[in-house]
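# Working through the structure, step by step
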Amino acid sequence: MPDDTPTLDLLSLLPQEWRAVLTPHLDPARTAALAEFVAHEYATQTVFPPLDDLFSAYRLCGPQQCRVLILGQDPYHKAGQAHGLSFSVREGVSVPPSLRNVFKELSEDLGVPKPRSGNLDGWAAQGVLLLNAVLTVRQASPGSHANKGWEEFTDATIRALDARDEPVVFLLWGGYARKKAALVTNSRHVVLEAGHPSPMNPRGFLGSRPFSATNKALADAGAPPIDWERTAG
């Protein structure tokens, strides 16, 4: 990379609470290399989500508030979609196909109307961490930022949540996310696996009933349920 690559301190962009719990699980050299890569990409390419939204999931759901983690793969790669929360799009943006399947399953699982908004801020506000395994992507190039260091960053997030005494429900959708189940070692937590909600995956997600299963797991732990009908904050 050229010597004039802008610098970016990723950890300084995180809320302090997350920075404190993630740092012990991160390798400084790997994190610095990731920051250099991300800074160069934002400076030279069209990258999603916008930098201001990079850590939206962490800002909206602190480590002590997190009760559920939904893990996606990487952000939407079309303009105007990604805003830092897995599967979510901003108010007024057309609901993408994967999220349509999420809402279809929500409706069939809980017998509620499909949400009109694809903005999942309302879930985040209730303690649902909407995280992608890779947090950035080049426009029109899905998977373009895989294997650049983000995986270690989000693995550290899972490890930090696993270290908590309070129970967390981990929703791992798709083969990529399901590999992360091995990081959850604390028996207090619950892992619920299913296929990816993408329409290209005809089996494995629809019918998995993740929303009722999550609320049952929370109730079993003495925690309040998630109001899944509440999407936009």
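Residues numbered from 1 in each chain as written. Predicted model: local features only at pLDDT ≥ 70, side-chain atom pairs only at ≥ 80, totals over all residues. Heavy atoms only, no water.

### A short note on the UniProt feature "active site" (unreviewed entry) in the protein chain
Sites flagged by UniProt as "active site" (unreviewed entry) map to Asp74. The residue Asp74 is located in the loop between strand 2 (68-72) and helix 5 (97-110) in this model. Excluding residues within four positions of it along the chain, Asp74 makes contact with Asn132, Val134, Val137, Pro142, Gly143 and Ser144. One polar contact links the side chain of Asp74 to the main-chain amide nitrogen of Gly143, over a distance of 2.7 Å. (UniProt positions renumbered as here; feature names shortened; annotations may be inferred. Helix = DSSP H or I, 4+ residues; strand = E, 2+ residues; numbered from the N terminus. Contact = heavy atoms within 4.5 Å. Polar contact = N/O pair within 3.5 Å; in protein donor to acceptor, adjacent residues only side chain to side chain.)

### Some words on the side chain of Thr154
Among the structural elements, Thr154 can be located in helix 7 (residues 150-162). Residue class for Thr154 comes out buried when judged on its relative accessible area of 1%. Here the side chain of Thr154 touches Ala133 through a polar contact of 2.8 Å, landing on its backbone oxygen. Beyond its immediate chain neighbours, meaning those up to four positions away, Thr154 contacts Tyr58, Leu131, Asn132, Ala133 and Leu135. (Buried < 20%, exposed > 50% of the residue type's maximum accessible area, 1.4 Å probe, protein only.)

### Side note on helix 7
Between its first and last C-alpha atoms helix 7 spans 18 Å; for 13 residues at 1.5 Å apiece the expected length is 18 Å, and the two agree. The element helix 7 is largely enclosed, with a buried count of 11 among its 13 residues. Listed in full, the buried residues belonging to helix 7 are Trp150, Glu151, Phe153, Thr154, Asp155, Ala156, Thr157, Ile158, Ala160, Leu161 and Asp162. (Expected span 1.5 Å × (residues − 1).)

### Structural notes on helix 9 (residues 210-220)
Looking at helix 9, one finds that the buried residues are Pro210, Phe211, Thr214, Asn215, Ala217 and Leu218. Here the buried residues of helix 9 occupy an arc of 160° about the axis, which is enough to place them on one side. Among the exposed residues of helix 9, those oriented more than 90 degrees off its buried face are Lys216 and Asp220. Trailing helix 9 by a residue or two, Gly222 shows a phi angle of about 80°, which is positive. (Arc of directions from axis to C-beta.)

### Remarks on the packing of aromatic side chains
Taken as a whole, this structure holds 12 aromatic pairs when the rule is applied. Relative to Phe211, the ring of Trp123 has its centre 6.0 Å away and its plane inclined at 55°; by these criteria the two rings are tilted. Remark: Phe211 occurs in helix 9 and Trp123 occurs in helix 6 (residues 121-124); sequence separation between them is 88 residues. For Trp123, a relative accessible area of 1% translates into the label buried. Classification of Phe211 by relative accessible area gives buried; the value is 0%. Residues Phe211 and Trp228 carry aromatic rings whose centres are separated by 5.0 Å and whose planes lie at 70° to one another, so their mutual orientation is edge-to-face. Separated by 17 residues along the polypeptide, Phe211 in helix 9 and Trp228 in the segment after helix 9 bring together distant segments of the chain. (Phe/Tyr/Trp six-rings, centres within 6.5 Å; stacked < 30°, edge-to-face > 60°.)

### So, unusual backbone geometry
Here the residue pair Phe48 and Pro49 is connected by a cis peptide bond, since its omega of -5° sits within 30 degrees of zero. Turning to its location among the elements, Pro49 is positioned in the loop between strand 1 (47-48) and helix 4 (56-60). Non-glycine residue Phe87 carries a positive phi angle of around 70°. Turning to its location among the elements, Phe87 is positioned in the loop between strand 2 and helix 5.

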